[in-house]
Amino acid sequence: FLTQDYFEALSSTNLKAQITENRGKLAIIFNVQQKKEYEILGEMICFAEKLQEIFKAAGGETGGAVLVVADQFDVTCAALSLLRTHLSHELGAIDTSRDRFLWVTDFPLFEYDTDNGRWAAKHHPFTMTADDDVSVLVNGKENEFGKIRAKAYDLVCNGHELGGGSVRIHQPEVQQAMFNALGLGEEEVKLKFGYFVEALGYGTPPHGGFAWGVDR
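Model, not experiment: these values are computed from the prediction.

J.: Where do I start with helix α7 (residues 186–201) in this structure?
T.: A turn of α-helix holds 3.6 residues, and therefore any two residues three or four places apart point the same way. Between its first and last C-alpha, α7 extends only 15 Å over 16 residues, short of the 22 Å set by a 1.5 Å rise per residue. Of all the bends in α7, the largest measures some 95° and sits at F193. Regarding α7, the residues found buried are V189, F193 and L200. In this structure, the buried side of α7 is in contact with α6 (172–181). Just downstream of α7, G203 is the residue with a positive phi angle, here 105°.

Put into C-alpha cells, the structure is as follows:
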C-alpha cells in the first residue's frame, strides 16, 4: 500500500526527472477519502476537470490514485514503463523467484523524426514489412506509415533484452519503396548502399538474423 505522502515525494524524485527529460508530462490524481475531493500534482494541473474524468474512466476509487503521462506516443510509453517498473518494485509485485521469458514482436517499421520532419527506420532500412502491411509501403500511403509493422523481434528475460533481430527485405521493389519512404534519393542510395542494391538485383532468398545483446 502506497500513501499519498509517498506519491507527493515521488513528484520531486529522480524518477520524475527521467519522465520529464524527454518532455513527458506527469500528473498524479488523488481522490482523498476523507474530503471526497480531488488533489492533483504535476504540470497538468490546468487540466483539472479533464483529469478528474480520466480518473473515473481509469477505474480510480475513493482514496486511490491514478498516474497519467501525456506527450507523444513513444515518449509516453517510455515514461509509463519507468513508472510501472518503479512501482512494481515498491509494491513487491514482481515475483523474483522465477525467470520469465518472452518474445516481443510487431514492432513499428517507422518512427517519425519531428526534428527533421520525415520518417525514419525504427530498426534499420532493410527490415522487412509484415506481410499484411506490404501494400501500404509499396503504394506510398504515408498517412498510414505509422501503422506498418516490421518483421522484427526481441528476446526478453525478466524485462531485460537478451538479443534481437529481423527478417530482411529480399524484394527489390519493396526495398525501393522503403528508400522512398525514408526520403532517400537515387544518388544517396547508390552512394550509401549501391553494393547492397546491386546484390539484391541478382535474386536473394528470404533471410533474417538474430544478434545477442546480453553482453551490452
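J.: What should I look at first to understand a nonpolar patch on the surface in this one?
T.: The grouping of W103, F210, W212 and V214 at the surface amounts to a nonpolar patch, some 490 Å² of accessible area in total. Within the secondary structure, V214 is located in the segment after β9 (208–212). Judged by relative accessible area, which is 56%, V214 ranks as exposed.

J.: Is there a simple way to think about the side chain of T129 in this case?
T.: Note on placement: T129 falls in the loop between β6 (118–121) and α5 (134–138). Each residue touching T129, except ones within four places of it in the same chain, is listed here: L109, V134, L137, I148, R149 and K151.

J.: What is the right way to look at the pairing of β6 in this model?
T.: Looking down a regular strand, the side chains alternate between one sheet face and the other. Of the two faces of β6, only the one carrying W119 and A121 is buried; R118 and A120 on the other face are not. In terms of strand pairing, strand β5 (residues 110–113) meets β6 through 4 bridges, oriented antiparallel. In the sheet register, F110 faces β6, and the bridge partner there is A121. Between β5 and β6, which follow one another and run antiparallel, lie 4 residues, and G117 among them has a positive phi close to 65°.

J.: Help me out: how do you make sense of the packing of aromatic side chains in this one?
T.: Tallied over the full model, the rule gives 11 aromatic pairs. Look at W103 and F210: their rings are 6.1 Å apart centre to centre, the planes differ by 70°, and that puts the pair in the edge-to-face class. Separated by 107 residues along the polypeptide, W103 in strand β4 (residues 101–104) and F210 in strand β9 bring together distant segments of the chain. You can call F210 partly exposed: its relative accessible area is 33%. Here the aromatic rings of F210 and W212 are separated by 5.1 Å at their centres, their planes lie at 80°, and the arrangement is edge-to-face. Ring pairing ties together the aromatic residues W103, Y153, F210 and W212, which thus form one cluster.

J.: I keep staring at the sheet that holds strand β8 (residues 160–167) and nothing clicks. Help me out?
T.: Strand pairing in a sheet relies on backbone hydrogen bonds. The paired strands run either parallel or antiparallel. Strand order in this open sheet of 4 strands is β4-β7-β8-β9, and the pairing throughout is antiparallel. Here the strands that pair on one side only, and so sit at the sheet edges, are β4 and β9. Across the sheet, the mean angle separating the axes of adjacent strands is 20° when strand polarity is ignored. The pairing of strand β7 (residues 152–157) with β8 spans 6 bridges and is antiparallel. Note on β8: the bridge partner recorded for C157 is H160.

J.: Quick question: what am I supposed to make of the pattern of salt bridges here?
T.: When the charged atoms of two side chains with opposite charge come close together, those side chains can pair. Applying the stated criterion across every chain, the model contains 6 salt bridges. Put simply, E53 and K50 hold a salt bridge, and the shortest N to O gap is 3.3 Å. Of this pair, E53 and K50 both sit in helix α3 (residues 48–57), 3 residues apart, which is roughly one turn of the helix. According to the relative accessible area criterion, E53 is partly exposed, its value standing at 39%. Accessibility expressed as a relative area gives 48% for K50, which makes it partly exposed. Salt bridges here are not isolated pairs; linked through shared partners, they connect D132, D133 and R149.

The rules behind the values
Residues numbered from 1 in each chain as written. Predicted model: local features only at pLDDT ≥ 70, side-chain atom pairs only at ≥ 80, totals over all residues. Heavy atoms only, no water. Helix = DSSP H or I, 4+ residues; strand = E, 2+ residues; numbered from the N terminus. Expected span 1.5 Å × (residues − 1). Bend = angle between axes of the 7 residues up to and from the residue. Buried < 20%, exposed > 50% of the residue type's maximum accessible area, 1.4 Å probe, protein only. Contact = heavy atoms within 4.5 Å. Patch = residues over 30% accessible without salt bridge, like charges linked within 9 Å, V, L, I, M, F, W, Y side chains within 5 Å. Areas by Shrake-Rupley, 256 points an atom, 1.4 Å probe, with all protein chains shown as cover. Salt bridge = Lys/Arg side-chain N within 4 Å of Asp/Glu carboxyl O. Pairing = 2+ DSSP bridges. Phe/Tyr/Trp six-rings, centres within 6.5 Å; stacked < 30°, edge-to-face > 60°. Axes fitted to C-alpha atoms, helices over the stretch in contact; angles between N-to-C directions.

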